[in-house]
Amino acid sequence: MTVPKFENTWTIGNILTLAAMVFGGFYALAILRADAASLRSNVDDLKLNMIQQEARVRSLEMGAGRTEEKLINILAGISRVERQLDETP
């Protein structure tokens, strides 16, 4: 049985393999950084949309509150008119 022999020589194949691995590592790092930047941008957009939605909800709540106050005032006016009609002979 023969023992594997490791050669410590630089061949064109070894140099090309090393260069391809280094290039691949830098490429993967660049893709990762681009994806991280895109993700940060998406998160910022989502935060902005959430703030806008909350503002819309608050506006609708305030509008509903005003409408409710108007209805209460109308009902109060109607009950006053009914009392006045009941009091007149």
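If you're wondering where the values come from, they're calculated on a predicted model, not measured in any experiment. (Residues numbered from 1 in each chain as written. Predicted model: local features only at pLDDT ≥ 70, side-chain atom pairs only at ≥ 80, totals over all residues. Heavy atoms only, no water.)

Q: Give a detailed account of the overall build of the chain, specifying residues and quantitative values.
A: Looking only at helices and strands, the chain has one helix and zero strands in total. Residue burial in the chain is summarised as follows: out of 89 residues, 1% are buried. Per element, the accessible surface of the chain, about 8,700 Å² overall, is 65% carbon and sulfur. Computing the positive centroid from 10 side-chain charges and the negative centroid from 11, the chain places the two 9 Å apart. (Helix = DSSP H or I, 4+ residues; strand = E, 2+ residues; numbered from the N terminus. Buried < 20%, exposed > 50% of the residue type's maximum accessible area, 1.4 Å probe, protein only. Areas by Shrake-Rupley, 256 points an atom, 1.4 Å probe, with all protein chains shown as cover. Lys, Arg positive; Asp, Glu negative; His and termini not counted. Charge placed at Lys NZ, Arg CZ, Asp CG, Glu CD.)

Q: Could you give an account of the environment of I15, with specific residues and numbers?
A: Of note, I15 is situated in helix α1 (residues 12–87). Placed 59 residues apart in sequence, I15 and I74 show a C-alpha to C-alpha distance of 88 Å.

Q: Tell me what's going on with the environment of V22, and back it up with residues and numbers.
A: With respect to the element layout, V22 can be found in helix α1. Its relative accessible area of 42% is what places V22 among the partly exposed residues. With 13 residues separating them along the chain, V22 and T9 place their C-alpha atoms 19 Å apart.

Q: Could you give an account of a nonpolar patch on the surface, naming the residues involved and the relevant values?
A: Among the surface-exposed residues, W10, I15, L18, V22, F26, L29 and L32 lie close enough to one another that they form a single nonpolar patch of about 750 Å² accessible area. Counting through the fold element by element, F26 comes out in helix α1. Of the residues examined, F26 reaches a relative accessible area of 58% and is grouped as exposed. (Patch = residues over 30% accessible without salt bridge, like charges linked within 9 Å, V, L, I, M, F, W, Y side chains within 5 Å. Salt bridge = Lys/Arg side-chain N within 4 Å of Asp/Glu carboxyl O.)

Q: Could you give an account of the packing of aromatic side chains, naming the residues involved and the relevant values?
A: Evaluated as defined, the whole model comprises one aromatic pair. Centroid distance F23 to Y27: 6.5 Å. Interplanar angle 20 degrees. Geometry classified as stacked. With a gap of four residues between them, F23 and Y27 both fall in helix α1, about one helical turn apart. A relative accessible area of 51% means that Y27 is categorised as exposed. (Phe/Tyr/Trp six-rings, centres within 6.5 Å; stacked < 30°, edge-to-face > 60°.)

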